[in-house]
Amino acid sequence: MINLPKGIRKHDPTHCNLCGDKLTKKNKYRYVGNLSLRCKKCLTKLSKKHNDRRKKRLKGSKLW
């Protein structure tokens, strides 16, 4: 088995992947030590969209 080195970022990301806003101390998201490439605003939009779809599916299921 070959052990390859892990991909570690040399620098922290400076701008959001989706909206392009500058990542500051207040709007960057850190989860279990990992720094996200997206700002909190974009992450909340994505999670809201996902949760809305999930609620819709659960409401439409026969088990509900």
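It should be emphasised that the depicted structure is a prediction, and the values quoted were computed from it without experimental measurement.

Draft legend 1. Spatial organisation of the overall build of the protein chain. Helices and strands together make up the secondary structure of the protein chain, namely one helix and two strands. N-terminal to C-terminal, the α/β element order of the protein chain is β-β-α. Radius of gyration (C-alpha) of the protein chain: 17 Å, far over the 11 Å computed for a compact globule of 64 residues. Judged by the C-alpha coordinates and their principal axes, the protein chain covers about 50 × 40 × 20 Å. For the protein chain, the residues scored as buried account for 11% of the 64 residues in total. Taking the contacts inside the protein chain whose residues are at least 6 apart along the sequence as the reference set, 14% of them involve residues at least 24 apart. In the form shown here, the protein chain has an accessible surface area of approximately 6500 Å², with 56% of it arising from carbon and sulfur atoms.

Draft legend 2. Focus on the side chain of Ser 36. Locating Ser 36 in the fold gives a position in strand S2 (residues 34–39). With a relative accessible area of 18%, Ser 36 lands in the buried category. Of the polar contacts made by the side chain of Ser 36, one reaches the backbone nitrogen of Arg 38; its length is 3.2 Å. Apart from the residues lying within four places of it in its own chain, the contact partners of Ser 36 are Pro 13, Leu 23, Tyr 29 and Leu 43.

Draft legend 3. A look at the packing of aromatic side chains. Overall, the coordinates contain one aromatic pair when judged by the stated rule. With centroids separated by 6.4 Å and ring planes inclined at 5°, the aromatic side chains of Tyr 29 and Tyr 31 adopt a geometry described as stacked. You can call Tyr 29 partly exposed: its relative accessible area is 34%.

The rules behind each value
Residues numbered from 1 in each chain as written. Predicted model: local features only at pLDDT ≥ 70, side-chain atom pairs only at ≥ 80, totals over all residues. Heavy atoms only, no water. Helix = DSSP H or I, 4+ residues; strand = E, 2+ residues; numbered from the N terminus. Rg over C-alpha atoms; globule rule 2.2 N^0.38 Å. Buried < 20%, exposed > 50% of the residue type's maximum accessible area, 1.4 Å probe, protein only. Contact = heavy atoms within 4.5 Å. Areas by Shrake-Rupley, 256 points an atom, 1.4 Å probe, with all protein chains shown as cover. Polar contact = N/O pair within 3.5 Å; in protein donor to acceptor, adjacent residues only side chain to side chain. Phe/Tyr/Trp six-rings, centres within 6.5 Å; stacked < 30°, edge-to-face > 60°.

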